[in-house]
Amino acid sequence: MKNETAGRAVAFAFVSRLARAAIVALAFLLASFLTGCGPSFVAVRPTEPLVADAGHVHAEVGRVFLTDEVRRRGLADDVDLVVELSLKNGTSVARRVSPGSFSCLLALDARRPAETRALLPGGGGEGAFPGQPPDEGSLLAAITVPPGETRAAWALFHGYRFDGSEIPRRVTLTIPVEGAPPVDLELADPARGALRWETPPEPSTWSIGVDTGSTLASGLRASLATTEITRVQRSGRVLWDLGLASTLMVETQGPLVSETSAFSGTGFTGHLSLPLLSWGAAQDPSQLGVFGGATAELLAEVPKPRAADDMRKLHVYGLLQAQAGLELTFGRAPLASTPFPLTPSAPALPRWGFRLGYQQTWVGGVTSGGFMTSLRFLF
């Protein structure tokens, strides 16, 4: 059935598969956006102690939090900074501090004071940061630190996009103290290259993959092209993905019935992979490992163009595939550029990968083995 009409039908089916995959990807992304339940925060760990003293008042940062969006978007209007710290009063009288009066300056260059920016103060409270700003209660209430005692506090600052917001800056937290000099606490400084904010890398991301494969047994000989949209996540050393698959199969020999020898399918796919060897720089690593996975789809024949009143049913089959082989990955998902010295505290997800393996196919009551290759991009 290799004629011009069949060729056009196969080409149209392939383009339709790609368009459907793109629509599915957009739907997945839109669903993720719409189902979000507000900003979440990720804790970052400074690699050096952050302490300062002024007028016998001692301040020490315990933890720093950033809206998790900062890892892929950088400093933006919906990115917040939270500083959790302890305040010790070494004087003989009580001291009052108000987290709402704290300031956070981002200095680019001491010779260019006009380019210094300030994050917008959002208040704070006493004790540990609750994970989200409270819906009730004042974020501007003062905290009293009795003589010789220590109190925990947290302060919230709102970020925003500006020219040069991706450039590293000196970050200074200023703490006004009633009846004493303010405490200037340096959170980051490009001159202190060893001072970094270690943050967990993105735990998951989306990927798009293009698979090609062939079945070689005499019971079924066919070529397959599959587009996959999956969510990729790391659990310890293991990477796993789960998502949707869209396949075009062209049969050259076998029992499956189609007017054009072509079939179009949609279903689900999932894989597990385990890196075994790593090499290269930490900023651009390469890894070699093994993978295994499966795909289940509903496969329908691609017919020749039909008249509007042609009600013949299409031949439909269930398709099941199992894959196993080697996976080679390159690069890592980068952190966005920010004024803060962010660095990943654990291996990040790869940037792209290549798979080569064996593929067993079951469809229409027959089974056939063959080989497959896959190229994936993560974004």
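The structure presented is a predicted model; accordingly, all values stated were derived computationally and were not measured.

### Description of the pattern of salt bridges
Then step 1. Evaluation of the coordinates by the stated rule reveals 17 salt bridges.
Then step 2. Residue Arg355 pairs with Asp241 through a salt bridge whose shortest N-O separation is 3.2 Å. Here the residue Arg355 occupies a position in strand β20 (residues 352-363), and Asp241 occupies one in strand β15 (residues 238-253), the gap between them amounting to 114 residues. Each member of the pair Arg355 and Asp241 is classed as buried.
Then step 3. The salt bridge involving Arg376 is made with Asp241; its shortest N-O contact spans 3.6 Å. With Arg376 in strand β21 (residues 366-378) and Asp241 in strand β15, the pair connects residues that are 135 residues apart, well separated along the chain.

### Some thoughts on empty space enclosed by the protein
Then step 1. Overall, the coordinates contain 3 cavities of 30 Å³ or more when judged by the stated rule.
Then step 2. One number sums up the size of the largest cavity: a volume of about 70 Å³.
Then step 3. Taken together, Asp211, Thr212, Gly213, Leu224, Ala225, Thr226, Glu228, Thr295, Gln321, Gln323, Gln359 and Met372 form the lining of the largest cavity.
Then step 4. Looking at the lining of the largest cavity, the elements with two or more residues in it are β13 (204-215), β14 (221-235) and β18 (316-330).
Then step 5. It is β14 that contributes the most residues to the lining of the largest cavity, 4 residues altogether.

### Topic: the nonpolar core
Then step 1. Membership of the largest hydrophobic core comes to 41 residues, with the highest contact counts inside it found for Leu81, Ile175, Leu187, Trp197 and Phe340.
Then step 2. Mapped onto this core, the elements with two or more residues apiece are β2 (51-54), β3 (57-67), β4 (80-89), β6 (103-107), β8 (143-145), β9 (150-158), β10 (170-177) and β11 (180-188).
Then step 3. Once residues lying within four places of it in the same chain are set aside, the contact partners of Ile175 are Ala59, Leu85, Leu87, Val97, Phe102, Pro182 and Val183.
Then step 4. Within the second largest apolar cluster, 10 residues are counted, among which are Phe263, Tyr317, Leu319 and Val363.

### Let's talk about the pairing of β21
Each regular strand shows side chains that alternate between the opposite faces of the sheet.
Then step 1. In terms of strand pairing, β13 meets β21 through 9 bridges, oriented antiparallel. Bridging across to β21, Gly213 finds its partner in Met372.
Then step 2. Two elements, β20 and β21, share 12 bridges in a ladder whose sense is antiparallel. Bridge pairing links Val363 to Val366 in β21.
Then step 3. Count of turn residues in the β20/β21 antiparallel hairpin: 2 residues, of which Gly364 carries a positive phi of about 60°.

### Notes on the sheet that holds β20
Then step 1. Taken in spatial order, the 8 strands line up as β13-β14-β15-β16-β17-β18-β20-β21 and close into a barrel, and their pairing is antiparallel. With direction set aside, neighbouring strand axes in the sheet form an average angle of 25°.

### A word on the packing of aromatic side chains
Then step 1. Per the stated rule, a full pass over the model turns up 9 aromatic pairs.
Then step 2. Seen in terms of ring centroids, Phe65 and Phe129 are 5.1 Å apart; in terms of plane orientation they differ by 50°. Their pairing is tilted. Note that Phe65 is positioned in strand β3 and Phe129 in the loop between β7 (117-126) and β8, a separation of 64 residues in sequence. As far as burial versus exposure is concerned, Phe65 and Phe129 are alike and both buried.
Then step 3. Aromatic rings pair up to connect Phe41, Phe65, Phe129 and Trp154 into one cluster.
Then step 4. Over the face of the ring belonging to Phe291 we find Arg355, whose NZ or CZ atom lies 5.0 Å from the ring centre.

### Digging into the layout of surface pockets
Then step 1. Each pocket or cavity is described by its volume, and for the second largest pocket that value is around 210 Å³.
Then step 2. What lines the second largest pocket is a set of 18 residues, among which Pro168, Arg196, Phe340, Pro341 and Leu342 lie closest to the centre.
Then step 3. Looking at the lining of the second largest pocket residue by residue, the class counts come to 10 nonpolar, 3 polar and 5 charged.

### Overview of unusual backbone geometry
Then step 1. Phi at His56 is positive, roughly 65°, even though this residue is not glycine.
Then step 2. Residue placement: His56 occurs in the loop between β2 and β3.
Then step 3. Its relative accessible area of 63% is what places His56 among the exposed residues.
Then step 4. The phi torsion at Ser261 lies on the positive side, around 65°, for a residue other than glycine.
Then step 5. Note on placement: Ser261 falls in the loop between β15 and β16 (262-279).

### Overview of the confidence of the model for the protein
Then step 1. When the pLDDT values of the protein are averaged, the result is 88; 89% of them are 70 or greater.
Then step 2. Here residues 1-15 is modelled with pLDDT under 50, and outside its nearest four sequence neighbours on either side it reaches 19 contacts, counting other chains as well.
Then step 3. Across residues 21-37 the pLDDT falls below 50, and counting only partners more than four positions away or on other chains, this stretch makes 8 contacts in the model.

### With respect to a nonpolar patch on the surface
Then step 1. Among the surface-exposed residues, Ile208, Trp352, Phe354, Leu356, Leu375, Phe377 and Phe379 lie close enough to one another that they form a single nonpolar patch of about 610 Å² accessible area.
Then step 2. Going through the elements one at a time, β20 and β21 are the ones with two or more residues in the nonpolar patch.
Then step 3. The greatest single-element share of the nonpolar patch, amounting to 3 residues, is contributed by β20.
Then step 4. With respect to the helices, strands and loops of the structure, Leu356 is situated in strand β20.

### Quick notes on the side chain of Glu327
Then step 1. Along the polypeptide, Glu327 turns up in strand β18.
Then step 2. Residue classification places Glu327 among the buried positions, given a relative accessible area of 5%.
Then step 3. At a separation of 3.2 Å, a polar atom in the side chain of Glu327 contacts the side chain of Arg376.
Then step 4. Each residue touching Glu327, except ones within four places of it in the same chain, is listed here: Ser273, Gln287, Leu288, Gly289, Phe291, Phe354, Arg355 and Arg376.

What counts, and where the lines are drawn
- Residues numbered from 1 in each chain as written.
- Predicted model: local features only at pLDDT ≥ 70, side-chain atom pairs only at ≥ 80, totals over all residues.
- Heavy atoms only, no water.
- Salt bridge = Lys/Arg side-chain N within 4 Å of Asp/Glu carboxyl O.
- Helix = DSSP H or I, 4+ residues; strand = E, 2+ residues; numbered from the N terminus.
- Buried < 20%, exposed > 50% of the residue type's maximum accessible area, 1.4 Å probe, protein only.
- 1 Å grid on protein atoms, 1.4 Å probe; cavity = no way out; pocket = protein on both sides within 12 Å on 5 of 7 lines; lining within 4 Å.
- Points joined across faces, edges and corners; volume = space filled by probe spheres on them.
- Core = buried A, V, L, I, M, F, W, Y, C linked by side-chain atoms within 4.5 Å.
- Contact = heavy atoms within 4.5 Å.
- Pairing = 2+ DSSP bridges.
- Axes fitted to C-alpha atoms, helices over the stretch in contact; angles between N-to-C directions.
- Phe/Tyr/Trp six-rings, centres within 6.5 Å; stacked < 30°, edge-to-face > 60°.
- Lys NZ or Arg CZ within 6 Å of the ring centre and 35° of its normal.
- Nonpolar A, V, L, I, M, F, W, Y, C, P; charged D, E, K, R; others polar.
- pLDDT = per-residue confidence, 0-100.
- Patch = residues over 30% accessible without salt bridge, like charges linked within 9 Å, V, L, I, M, F, W, Y side chains within 5 Å.
- Areas by Shrake-Rupley, 256 points an atom, 1.4 Å probe, with all protein chains shown as cover.
- Polar contact = N/O pair within 3.5 Å; in protein donor to acceptor, adjacent residues only side chain to side chain.

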